[in-house]
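Breakdown of the fold
Here's the letter readout for the chains.
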Amino acid sequence: MFNNNYMTSNENLRFSIYVHIPFCIKKCGYCDFNTYAGLDKLQPEYTNAVITEINGWGRRFPGSVISSIAFGGGTPGEMPAEQLSSIVNAIQGSFVVEQNAEITLEANPGTTSGSAMNSFVDCGFTRISLGAQSFSDQNLVFLDRIHSSEAIAASLLLAKNAGFRSINLDLIYGLPGQSMDDWGEDLRSACKLNPDHLSLYNLTVEEETPLYDRVKKGETILPSDDVAAEMYEYASSFLSDFGYIQYELSNWSKPGHHSRHNYGYWTWKSYIGVGAGAHGFIDGERIENIAHPREYIHALRNTTNPEAAITKRESPALNVSIADWLTLHLRLIRGFHEDQFYKEFGVEVEIMVGPLLQELCETEIMERFDSNIKLTSRGRLLHSEVAVKFLIYLEDQDLTKYMGEG
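In what follows, the accompanying structure is described.

Definitions and limits used
Residues numbered from 1 in each chain as written. Predicted model: local features only at pLDDT ≥ 70, side-chain atom pairs only at ≥ 80, totals over all residues. Heavy atoms only, no water. Helix = DSSP H or I, 4+ residues; strand = E, 2+ residues; numbered from the N terminus. Contact = heavy atoms within 4.5 Å. Pairing = 2+ DSSP bridges. Right-handed = clockwise from strand over helix to strand, strands pointing away. Core = buried A, V, L, I, M, F, W, Y, C linked by side-chain atoms within 4.5 Å. Buried < 20%, exposed > 50% of the residue type's maximum accessible area, 1.4 Å probe, protein only. Polar contact = N/O pair within 3.5 Å; in protein donor to acceptor, adjacent residues only side chain to side chain.

Tracing the sequence through the fold places Phe281 in strand E12 (residues 279-282). Measuring from C-alpha to C-alpha, the distance between Phe281 and Thr104 comes to 19 Å, with 177 residues separating the pair along the chain. If we skip the residues at most four places from it in the chain, Phe281 touches Trp268, Lys269, Ser270, Tyr271 and Arg286.

Pasting the structure below:
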């Protein structure tokens, strides 16, 4: 059960909500997300199960306020608009949704019609993220994407005409055989379309994916880490010339178009995860739902208890929570202010990790100015290594003796 103190002040609670839609037309070879192709027949039952879970959380936290909603997957844009609308309506009926709440939908280019785009806006969606990935048809084939490069521009125009307030394009770099010129052409093609937001991801090889098997067998050779880093730095310079502001390690936006939902993740805000395999973070407790949609549907039959969908819950130890907090906040280009850390943990960040901060500043991986702490441009390339350093350092400390100091 959740913290009783937390439970007694529901009228002051603020959440974001993540809704996982696990259905895809085709699962890409690099993807290790909780997604499934060929299970579309489950969509009506799945929608009902998601609504059951939403209603249950609404009863658990009555009067709480929802600041943002995001539908991810999978490909939520392939779901019928009426099913997505019923889920949005359930959230609005179970919680107090802010009038200007950001409501995000992920969709594939090329498979979402203009009428569907209009319906999504009518449902209340304000933001759409299109999985463009590349403007090279050859790279799209490698990535197992089902759209063409021409479909990206067409879908973005449909989204603009439908009235989405913010439009994001996802792009992937570090692809086999991809040169700097190729990557520059992708960036130029994206900027010509003038989306409000861009998310750029280095292709990573995840275990238990077809890409992992191909790389392990030597059938696919990816660019070196140095080449990928060069592509990342090139993008940072290139996009600034087109008016995009980098606000997070992988995200650039025009002014006023940053992802408010994702910003909540990076700043340690509580969120409810709904759907098969969804993750939540409530009062410091991390929650994970049953992964397979059939099992998820079965678990929520004949019950009003949202916890019936939970398969794992964990309250991390203090050292893990602090390392997690630091790691997430350092994803932001602006970093964090020392007062934010004190407000969260009741102790000065210097007391907790001062020697390590000094080491990282001396090696020009991090910098401190007027009590603000952030990664340097070099440090952004080493964020994962920095995260590990914080965790290892904190594992060796007896942190409880510091709590309450400051």
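Having seen the structure, we can now continue with the description.
By the bridge criterion, six bridges tie strand E4 (residues 65-73) to strand E5 (residues 96-107) in an arrangement that is parallel. Directly across from Ser68, in E5, lies its bridge partner Glu102. After leaving E4, the chain enters helix H3 (residues 81-94) and then returns to the sheet as E5, a path that is right-handed.

Judged by nonpolar contacts, the single largest core of 73 residues is most densely connected at Phe71, Phe125, Leu169, Leu200 and Tyr296. Apart from the residues within four sequence positions on either side, Tyr296 is in contact with Tyr46, Ala49, Val50, Glu53, Val274, Gly275, Ala276, Asn289, Ile290 and Ala309. Core analysis: the second largest hydrophobic core is formed by 32 residues, Tyr271, Phe281, Phe336 and Leu357 among them.

Take unusual backbone geometry next. In the segment running from Gly73 into Gly74, the intervening peptide bond is cis, with an omega of 20°. The residue Gly74 is located in the loop between E4 and H3 in this model. Despite not being glycine, Asp144 shows a phi value in the positive range, around 65°. Here Asp144 lies in the loop between helix H5 (137-142) and helix H6 (149-162). Positive phi values are uncommon outside glycine, yet Asn194 reaches one of about 55°. Summarising the element assignment, Asn194 is placed in the loop between helix H7 (180-193) and strand E8 (197-202). The exposure class of Asn194 is partly exposed, given its relative accessible area of 38%.

This part is about the side chain of His329. Here His329 shows up in helix H12 (residues 318-329). Separated by 2.9 Å, the side chain of His329 and the backbone oxygen of Trp325 make a polar contact. The residues touching His329, leaving out its near neighbours within four places in the chain, are Trp266, Thr267, Trp268, Gly335, Phe336 and Gln340.

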